[in-house]
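# Notes for the structure review
Residues per chain are reported as follows:
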Amino acid sequence: MQKRLIVANWKMNPQTSTEAKELLVSVLSDASDFKNIELVICPPFVYFSSISAMIYDLSSKFQVSLGAQNMHWEQKGAFTGEISAQMLKEFGVEYVVEGHSERRWIMGETDEMINKKIKTALKSGLIPILAVGEKERNNFDSSGRHINTADDVVIDQLTRALDGVPVSKIKDVVIAYEPVWAIGTGLADNPDDALSVSLLIRKVISKMTDDKTARAIKILYGGSVNSKNIAEFLKQDGIDGALVGGASIDKDEFTRILEIVSSL
Ligand code: 13P
């Protein structure tokens, strides 16, 4: 069975490097017992130097790697406050999240920027985790009819983000379906609905590449994932893992999630 990919997006947490180390130690202390999991930890950049060695040491026993929450598309230069792919690679970073809704909607990142970042990540040997997802759960037209925005938004974001990416490289992109309304709200999507978006993503990828790539590409669900709902998402044949926010900085809850995934 293919390993489940569990990505911990710590966002702008925790507040000190001591807490970051403690969180990692407690999550990883039982990690070598976890089966069938590939774990990616995405901490704030400033904690890379204190935790990358811990991750590297454990990576011989357990499939765990370091991920970044963002990066710039240029390799170097006058880009105040930004981080390049090369800088990430120096710390052994393997994955980079691109197009997270918090960056799209709070920092004003556009599809064009995300597209450039995906291309740079792939050229630099980093695996992009492309986040896509609609803002509103329900949308209605002027006559009150329900409009399915999820499909339209996901198709549009995927197409723009992958525009011009060499067909042979698309298989290396991980796609995370994260409906914005489900992030940090405690209102996770219905696993069946998440599965139908995942199937839609595979259809779009199939058109861009071929059926084999569409079947092989990894698709994650994200948005209020916790120990109570993770199993329902991952039991869906077509959802290969999860992108976890809030629950990934709660050591007991995250350990529980890993235990559950390892028992599936
Ligand atoms: P929550 O798990 O806190 O809803 O966050 C999801 C997310 O944004 C992960 O990238």
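Figured I'd write up the structure that's included with this text. Predicted model only: the values in this text are computed from it and were never measured.

When you go through the protein residue by residue, the secondary structure sums to 11 helices and 10 strands. The C-alpha extent of the protein, read off along each of the three principal axes, is 55 × 45 × 35 Å. Taken across its 264 residues, the protein has 53% of its residues classed as buried. The contacts of the protein with a sequence gap of at least 6 include a subset with a gap of at least 24, amounting to 75%. Accessible area of the protein: about 12500 Å², with a carbon and sulfur share of 51%. Each charge class in the protein can be summarised by its mean position, and for the 30 positive and 36 negative side chains these summaries are 4 Å apart.

Attention shifts here to the site of the ligand. The local shell around the ligand consists of N9, K11, H100, E178, A182, I183, G184, G223, S224, L243, G245 and G246. Side-chain polar atom of H100 to an oxygen atom of the ligand: 2.8 Å apart, as the coordinates give it. Between an oxygen atom of the ligand and a main-chain N or O atom of G184, the distance comes to 2.6 Å. A total of 310 Å² of accessible area belongs to the ligand in isolation, and the protein chains cover 95% of it.

Right, let's talk about the pairing of strand 9 (residues 219-222) for a bit. Taking every second residue as pointing to the same face, both faces of strand 9 are buried, with I219 and Y221 on one and L220 and G222 on the other. By the bridge criterion, three bridges tie strand 8 (residues 174-177) to strand 9 in an arrangement that is parallel. By the bridge assignment for strand 9, Y177 is matched with Y221. One ladder, built from three bridges, connects strand 9 with strand 10 (residues 241-244); its direction is parallel. The residue of strand 10 that forms the bridge with L220 is G241.

Before going further, it helps to spend a moment on helix 11 (residues 251-263). Its 13 residues give helix 11 an end-to-end C-alpha distance of 18 Å, which sits within 8% of 18 Å, the value for a rise of 1.5 Å per residue. If you check which residues of helix 11 are buried, you get E253, F254, T255, I257, L258, I260, V261 and S262. For helix 11, the elements touching its buried residues are strand 1 (4-9), helix 1 (17-28), strand 2 (37-42), helix 10 (230-234) and strand 10.

Taken across its six residues, strand 2 has six buried, putting it largely inside the fold. Alternating positions in strand 2 separate into two faces, I37, L39 and I41 on one and E38, V40 and C42 on the other, with burial throughout. As judged from the six bridges shared by strand 1 and strand 2, these two strands associate in the parallel manner. Residue pairing in the sheet places L5 in a bridge with E38 of strand 2. Note: strand 2 against strand 3 (residues 64-68), three bridges, orientation parallel. Looking at the pairing, V40 lines up with S65 of strand 3. In this fold, strand 2 hands off to helix 2 (residues 48-58), which returns the chain to strand 3; that crossover is right-handed.

For helix 8 (residues 191-208), built from 18 residues, the straight-helix expectation of 26 Å at 1.5 Å per residue is met to within 8% by its first-to-last C-alpha distance of 26 Å. When helix 8 is considered as a whole, its buried residues turn out to be P191, A194, L195, V197, S198, L200, I201, R202, V204, I205 and S206. Where helix 8 starts, the residue carrying a side-chain oxygen 2.8 Å from the main-chain nitrogen of D192 turns out to be N190.

This part takes up the pattern of salt bridges. Within this structure, the stated rule accounts for 12 salt bridges. Of the charged contacts in the structure, one is a salt bridge between R160 and D111, with a shortest N-O distance of 3.9 Å. Of this pair, R160 sits in helix 6 (residues 149-161) while D111 sits in helix 5 (residues 111-123), and the two are 49 residues apart along the sequence. For R160, a relative accessible area of 39% translates into the label partly exposed. A relative accessible area of 16% places D111 in the buried class.

All right, on to the sheet that holds strand 3 then. Strands sit in the order 1-2-3-4-5-8-9-10 around a closed barrel of eight strands; the barrel is parallel. Each strand of the sheet is rotated relative to its neighbour by a mean of 25°, with strand direction disregarded. In the packing of helix 2 onto the sheet, contacts are made with strand 2, strand 3 and strand 4 (93-98), and the angle to strand 3 comes to roughly 150°.

About the cut-offs
- Residues numbered from 1 in each chain as written.
- Predicted model: local features only at pLDDT ≥ 70, side-chain atom pairs only at ≥ 80, totals over all residues.
- Heavy atoms only, no water.
- Helix = DSSP H or I, 4+ residues; strand = E, 2+ residues; numbered from the N terminus.
- Buried < 20%, exposed > 50% of the residue type's maximum accessible area, 1.4 Å probe, protein only.
- Contact = heavy atoms within 4.5 Å.
- Areas by Shrake-Rupley, 256 points an atom, 1.4 Å probe, with all protein chains shown as cover.
- Lys, Arg positive; Asp, Glu negative; His and termini not counted.
- Charge placed at Lys NZ, Arg CZ, Asp CG, Glu CD.
- Near = heavy atom within 4 Å.
- Polar contact = N/O pair within 3.5 Å; in protein donor to acceptor, adjacent residues only side chain to side chain.
- Pairing = 2+ DSSP bridges.
- Expected span 1.5 Å × (residues − 1).
- Right-handed = clockwise from strand over helix to strand, strands pointing away.
- Salt bridge = Lys/Arg side-chain N within 4 Å of Asp/Glu carboxyl O.
- Axes fitted to C-alpha atoms, helices over the stretch in contact; angles between N-to-C directions.

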